[in-house]
Amino acid sequence: MVALQWAIASGGEVSRLILVGATPRFVAGPDWPHGMDHATLRRFGDEMRVAHKLTLQRFLTLQLQGSDDAGATLSMMRRALFARGEPDASALAQGLDLLAGIDLRDVVTRLRQPALVIAGDRDTMTPLAASRWLAEALPAGNLAVIPGAGHVPFWSHPDAFMSAVSTLPDEP
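Residues numbered from 1 in each chain as written. Predicted model: local features only at pLDDT ≥ 70, side-chain atom pairs only at ≥ 80, totals over all residues. Heavy atoms only, no water.

## Let's talk about the side chain of Q113
Link 1 in the chain: Within the secondary structure, Q113 is located in the loop between α5 (89–101) and β2 (115–120).
Link 2 in the chain: Overall, Q113 belongs to the buried group, its relative accessible area being 12%.
Link 3 in the chain: In terms of polar contacts, Q113 uses its side chain to reach the backbone carbonyl oxygen of V14, at 3.0 Å.
Link 4 in the chain: The residues contacting Q113, other than those within four sequence positions of it, are A7, V14, S15, R16 and A140. (Helix = DSSP H or I, 4+ residues; strand = E, 2+ residues; numbered from the N terminus. Buried < 20%, exposed > 50% of the residue type's maximum accessible area, 1.4 Å probe, protein only. Polar contact = N/O pair within 3.5 Å; in protein donor to acceptor, adjacent residues only side chain to side chain. Contact = heavy atoms within 4.5 Å.)

## Let's talk about the pattern of salt bridges
Link 1 in the chain: Applying the stated criterion to the full structure yields 4 salt bridges.
Link 2 in the chain: R25 is paired through a salt bridge with D31; the nearest N and O atoms lie 3.6 Å apart.
Link 3 in the chain: Assessed through its relative accessible area of 52%, D31 is described here as exposed.
Link 4 in the chain: In this structure, the salt-bridge partner of D103 is R105, at a minimum N-O distance of 2.7 Å.
Link 5 in the chain: Residue class for D103 comes out partly exposed when judged on its relative accessible area of 35%. (Salt bridge = Lys/Arg side-chain N within 4 Å of Asp/Glu carboxyl O.)

## Structural notes on the pairing of strand β3 (residues 141–146)
Link 1 in the chain: Bridging between β2 and β3 involves 6 bridges; their strand directions are parallel. What sits directly across from V117, in β3, is L143.
Link 2 in the chain: Handedness of the β-α-β unit built from β2, helix α6 (residues 128–137) and β3 comes out right-handed. (Pairing = 2+ DSSP bridges. Right-handed = clockwise from strand over helix to strand, strands pointing away.)

## Observations concerning a nonpolar patch on the surface
Link 1 in the chain: On the surface, M76, F154 and W155 cluster together into a nonpolar patch covering about 250 Å² of accessible area.
Link 2 in the chain: Looking at the secondary structure, you find W155 in helix α7 (residues 153–156). (Patch = residues over 30% accessible without salt bridge, like charges linked within 9 Å, V, L, I, M, F, W, Y side chains within 5 Å. Areas by Shrake-Rupley, 256 points an atom, 1.4 Å probe, with all protein chains shown as cover.)

## Structural notes on helix α2 (residues 38–50)
Link 1 in the chain: The end-to-end C-alpha separation of α2 is 19 Å, in line with the 18 Å expected for 13 residues at 1.5 Å each.
Link 2 in the chain: Turning to α2, its buried residues number three or more, namely L41, F44, G45 and M48. Taken end-on, α2 shows its buried residues confined to a sector of 100°, consistent with a single buried face. Residues R49 and V50 are exposed on α2 and point more than 90 degrees away from its buried face.
Link 3 in the chain: Between the side-chain oxygen at the start of α2 and the backbone nitrogen of A39 there is a gap of 3.2 Å, and the oxygen is on D37. (Expected span 1.5 Å × (residues − 1). Arc of directions from axis to C-beta.)

## A short note on the packing of α2 against α5
Link 1 in the chain: At a closest axis distance of 10 Å, the pairing of α2 and α5 adopts a crossing angle of 170°. For the element pair α2 / α5, the angle class is roughly antiparallel. Together, H38, L41, F44, G45 and M48 of α2 and L92, L96, L99 and A100 of α5 make up the contact between the two elements.
Link 2 in the chain: Per-class residue counts for the contact of α2 with α5 are 7 nonpolar, 2 polar and no charged. (Axes fitted to C-alpha atoms, helices over the stretch in contact; angles between N-to-C directions. Parallel < 35°, antiparallel > 145°, perpendicular 65-115°, else oblique. Nonpolar A, V, L, I, M, F, W, Y, C, P; charged D, E, K, R; others polar.)

What follows is the structure, encoded as structure tokens:
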């Protein structure tokens, strides 16, 4: 979502995009079935305020749910997340608030840059249907699906991820 907004606001400075586990809207609604239930996100925020380290560990698990080799990737992600101490709880809460309110569906059609949307076919955070919708809505969008991957295919399936990245043209 940050990359999409940056590309829209950049006035053409962003020449191409690679969007991973991307969605134009994170939360589901009457006209958007491809997102997380708002009550689930709100509950996650409540849990974050009570026990943010434990909730973060659960969040990492959700990113890999259903993914091939989830155990080894989860261990690597946990080490990386806490390598410099615990993330700031207020920053995490602000991030969740942003996810609850952003809807970029009306503006993604303005992007003319080549865009590659990479999605894991087992992503439970941003469903494949959301990534497929985004790739189709972007005027120069393409979708690469990584079989067996969850939300972080660059960690769980690095070779397939790099192979997908190589399909994006060097020149816009």
